[in-house]
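# Inside the fold
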Amino acid sequence: MSGIPVKQGNHDELVTVRDAGDRGVGVFAARDFPAGSVVLVGVIEAELDRNTPHASQIGIDRFVLHAGLMPMANHSCDPNCGIRPNATGAHNLIARTSITEGEEITYDYAMRNYTIEHFPVPCQCGTARCRRRITGWKDLPNERKSAYRGLIAPYLLDLDKLTGRP
Ligand SMILES: [Zn+2]
């Protein structure tokens, strides 16, 4: 069960990557995190000129690839982390709940992408809130939008306003 310690800037060895069963690899807490703390510091690896299956959307017209472990963090429909942009525009993962050492680090991909049209496989997060299909923010129930308030990519709210959604 020992993973490979990974340095994340000032956050040395706070998370590890290891097998997550049916969901491939995952990112796991290498120590406890109180709710509200930074679990993973986002670093932009490349700017993209369009959306791709691996892109993170960080603005209405801005798509990037994150470096490091961020792309290995799995989706959950009831995640223990949310997103908050850092000074570079990259997404940090922030603990939504207190996280204990060994727990898998997850966030909801709808916190990051407005639309997810063709996610290839059904969700396997296994939580009671699982919505089976991994959807974007556009298709997220209002109850979830409220629950995630303050821990999503801010551009999502700008797009909701532009499109007249609640
Ligand atoms: Zn799910």
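Everything discussed here concerns the structure shown above.
Attention in this report is confined to the structure presented alongside it. (Residues numbered from 1 in each chain as written. Predicted model: local features only at pLDDT ≥ 70, side-chain atom pairs only at ≥ 80, totals over all residues. Heavy atoms only, no water.)

Looking only at helices and strands, the protein has two helices and 11 strands in total. Considering only C-alpha atoms, the protein reaches an extent of 45 × 35 × 30 Å along its principal axes. Burial statistics for the protein: of 166 residues in total, 45% are counted as buried. Across the protein, the fraction of contacts at a sequence separation of at least 24, relative to all contacts at a separation of at least 6, is 60%. Of the roughly 8,600 Å² of accessible surface on the protein, a fraction of 53% belongs to carbon and sulfur atoms. (Helix = DSSP H or I, 4+ residues; strand = E, 2+ residues; numbered from the N terminus. Buried < 20%, exposed > 50% of the residue type's maximum accessible area, 1.4 Å probe, protein only. Contact = heavy atoms within 4.5 Å. Areas by Shrake-Rupley, 256 points an atom, 1.4 Å probe, with all protein chains shown as cover.)

Turning our attention to the coordination of the zinc ion. Binding of the zinc ion to the protein goes through Cys77 (SG), Cys123 (SG), Cys125 (SG) and Cys130 (SG), at separations of 2.3 to 2.4 Å. Between the four donor atoms coordinating the zinc ion, the angles at the centre fall across 104 to 115°, so the site counts as tetrahedral. Sequence spacing of the donor residues for the zinc ion, all on one chain, is C-x45-C-x1-C-x4-C. Within this pair, whereas Cys77 is found in the loop between strand 8 (74-75) and strand 9 (81-85), its partner Cys130 is found in the loop between strand 11 (104-107) and helix 1 (142-147), the two being separated by 53 residues in sequence. Using a relative accessible area of 21% as the deciding quantity, one classes Cys130 as partly exposed. (Donors = N, O, S within 2.8 Å, 3.2 Å for Na, K, Ca; no water. Tetrahedral: all angles 85-135°; square planar, octahedral: opposite > 155°, others 65-115°.)

Pairing between the strands of a sheet is mediated by backbone hydrogen bonds and can be parallel or antiparallel. Taking strand neighbours across the sheet as the criterion, the three strands line up as 5-7-6 in an open arrangement whose pairing is antiparallel. With one partner strand each, in any of the chains shown, strand 5 (44-48) and strand 6 (56-59) form the two edges of the open sheet. Ignoring strand direction, the axes of neighbouring strands in this sheet form an average angle of 40°. Sheet topology places strand 6 next to strand 7 (residues 62-66); three bridges connect them, and they run antiparallel. Each bridged residue has a counterpart across the sheet, and for Ser56 the counterpart in strand 7 is Val64. (Pairing = 2+ DSSP bridges. Axes fitted to C-alpha atoms, helices over the stretch in contact; angles between N-to-C directions.)

Before going further, it helps to spend a moment on the pairing of strand 9. Note: strand 9 against strand 10 (residues 91-95), five bridges, orientation antiparallel. In the strand pairing of strand 10, Gly82 is matched with Ile94.

Turning next to helix 2 (residues 155-163). When helix 2 is considered as a whole, its buried residues turn out to be Tyr155, Leu156, Leu159 and Asp160. Down the axis of helix 2, the smallest arc covering the buried residues is 150°, so these residues share one side. Among the structural elements, strand 6 and helix 1 are those in contact with the buried residues of helix 2. Within two residues after helix 2, Gly164 carries a phi angle of roughly 70°, on the positive side. (Arc of directions from axis to C-beta.)

The next thing to look at is the sheet that holds strand 10. Pairing is antiparallel across the open sheet formed by three strands, whose spatial order is 4-10-9. Each edge of the open sheet carries a strand with a single partner, namely strand 4 (38-40) and strand 9. For this sheet the average axis-to-axis angle between neighbouring strands, irrespective of direction, equals 45°. The pairing of strand 4 with strand 10 spans two bridges and is antiparallel.

This structure, assessed with the given rule, holds one aromatic pair. Taking 5.3 Å as the distance between ring centres and 55° as the angle between the ring planes, the aromatic pair formed by Tyr107 and Tyr109 counts as tilted. Here the two residues Tyr107 and Tyr109 agree in accessibility, since each one is buried. The side chain of Arg18 reaches across the aromatic face of Phe28, ending 3.9 Å from its centre. Seen from the ring of Tyr109, Arg112 lies directly overhead, with NZ or CZ sitting 4.7 Å from the centre. (Phe/Tyr/Trp six-rings, centres within 6.5 Å; stacked < 30°, edge-to-face > 60°. Lys NZ or Arg CZ within 6 Å of the ring centre and 35° of its normal.)

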